[in-house]
Amino acid sequence: MKNKENIEAGDEINSSCLKCKDVTNHTIIAMVDGKVAKVQCNVCGGRHNYRPKKTEKAGGPKKKTTRATPSGTNLAKGEAHFKKLVADREPSEALTYAMDGIFKKGDLVDHPTFGLGVVVATEMPNKIEVIFRQESKLLICGRLCK
């Protein structure tokens, strides 16, 4: 096998093939400025630009992107409103959120990601607005929301 610096047209190389949906063996059919430009898949025969196989970046898993958080005063107002809505209510009686669940205005909901929330509006035919501690969300629910 040739080293990376001495590859030329006619040599074989691994490339991502969109038809095969995998990294497969390809034959180099064109080079530009000493770099692989076009290849032909040895499995399906498709010709395309060279796509080197994607390698996992060093440094571990991808970082999650986060949305901008509201300013401190808006966040405090939102939390105060949330606390008012859940005052004198038992969190253990909250309905577990499910996309096919049926909810009505005023229901206490336990969402697996956002936590405890209160349904403040229903939007026909299948959406509810729920206020959580940090923010309000529009969620899908069963087709017959009340």
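See the structure printed just above.
Overview of the structure. (Residues numbered from 1 in each chain as written. Predicted model: local features only at pLDDT ≥ 70, side-chain atom pairs only at ≥ 80, totals over all residues. Heavy atoms only, no water.)

1. Comments concerning the nonpolar core
Working step 1: In terms of nonpolar packing, the biggest core is built from nine residues, these being Tyr 97, Phe 103, Val 109, Val 119, Ile 128, Val 130, Phe 132, Leu 139 and Cys 141.
Working step 2: Among the elements that make up this core, the one with the highest residue count is strand S8 (residues 127-132) (three residues).
Working step 3: Residue contacts for Tyr 97: discarding those within four places in its chain leaves Phe 103, Val 109, Asp 110, His 111, Leu 139 and Ile 140. (Core = buried A, V, L, I, M, F, W, Y, C linked by side-chain atoms within 4.5 Å. Buried < 20%, exposed > 50% of the residue type's maximum accessible area, 1.4 Å probe, protein only. Helix = DSSP H or I, 4+ residues; strand = E, 2+ residues; numbered from the N terminus. Contact = heavy atoms within 4.5 Å.)

2. So, the state of the cysteines
Working step 1: Applying the stated criterion across every chain yields a total of zero disulfides.
Working step 2: A disulfide-free cysteine, Cys 44 has its sulfur positioned 3.7 Å from the sulfur of Cys 17, the nearest such atom. (Disulfide = S-S within 2.5 Å.)

3. Concerning the sheet that holds strand S7 (residues 115-123)
Working step 1: The sheet built from five strands is open, its strands ordered S5-S6-S7-S8-S9 with mixed pairing. Only two strands of the sheet have a single partner each, and these edge strands are strand S5 (95-96) and strand S9 (136-140). (Pairing = 2+ DSSP bridges.)

4. Comments concerning the pairing of strand S3 (residues 35-41)
Working step 1: With six bridges connecting them, strand S2 (residues 22-32) and S3 associate as antiparallel partners. In the sheet register, Ile 28 faces S3, and the bridge partner there is Val 39.
Working step 2: Counted along the chain from S2 to the antiparallel partner S3, the turn is two residues long, and its residue Asp 33 has a positive phi close to 50°.
Working step 3: Direction of pairing for S3 relative to strand S4 (residues 47-49): antiparallel, over a ladder of three bridges. Residue Val 39 lies in a different strand from S4, and its bridge partner there is His 48.
Working step 4: Connecting S3 to the next strand, S4, in antiparallel fashion are five residues, including Gly 45 with a positive phi near 85°.

5. As for the packing of aromatic side chains
Between two aromatic rings, the relevant description is the distance of the centres plus the angle of the planes.
Working step 1: Using the criterion set out here, one finds two aromatic pairs in the structure.
Working step 2: Geometrically, the ring pair formed by Tyr 97 and Phe 103 is stacked, given 6.0 Å between the ring centres and 15° between the ring planes. Neither Tyr 97 nor Phe 103 differs from the other in exposure class; each is buried.
Working step 3: Considering the side-chain rings of Phe 114 and Phe 132, the 5.3 Å spacing of their centres and the 45° angle between planes classify their relative orientation as tilted. One end of the pair, Phe 114, is in the loop between strand S6 (108-111) and S7; the other, Phe 132, is in strand S8, and 18 residues separate them in sequence.
Working step 4: For Phe 114, a relative accessible area of 32% translates into the label partly exposed. (Phe/Tyr/Trp six-rings, centres within 6.5 Å; stacked < 30°, edge-to-face > 60°.)

6. Considering the environment of Leu 116
Working step 1: Along the chain, Leu 116 falls in strand S7.
Working step 2: Separated by 14 residues in sequence, Leu 116 and Val 130 place their C-alpha atoms 9.4 Å apart.
Working step 3: Residues in contact with Leu 116, not counting those within four places in the same chain, are Phe 82, Val 86, Pro 91, Ala 94, Leu 108, Val 109, Asp 110, Ile 131, Phe 132 and Arg 133.

7. Describing the side chain of Thr 24
Working step 1: With respect to the helices, strands and loops of the structure, Thr 24 is situated in strand S2.
Working step 2: Contacts of Thr 24, omitting those with residues within four sequence positions, involve Ile 13, Asn 14, Ser 15, Cys 17, Cys 41 and Val 43.

8. Observations regarding the pattern of salt bridges
Working step 1: Applying the stated criterion to the full structure yields two salt bridges.
Working step 2: Between Lys 104 and Asp 107 there is a salt bridge, with the nearest N and O atoms lying 3.3 Å from each other.
Working step 3: By relative accessible area, which is 42% here, Lys 104 ends up partly exposed.
Working step 4: Residue Lys 137 pairs with Glu 135 through a salt bridge whose shortest N-O separation is 3.9 Å.
Working step 5: Overall, Lys 137 belongs to the buried group, its relative accessible area being 13%.
Working step 6: Residue Glu 135 is classed as partly exposed on the basis of its relative accessible area, which comes to 35%. (Salt bridge = Lys/Arg side-chain N within 4 Å of Asp/Glu carboxyl O.)

From the geometry alone we can't say anything about function, so treat these as descriptive.
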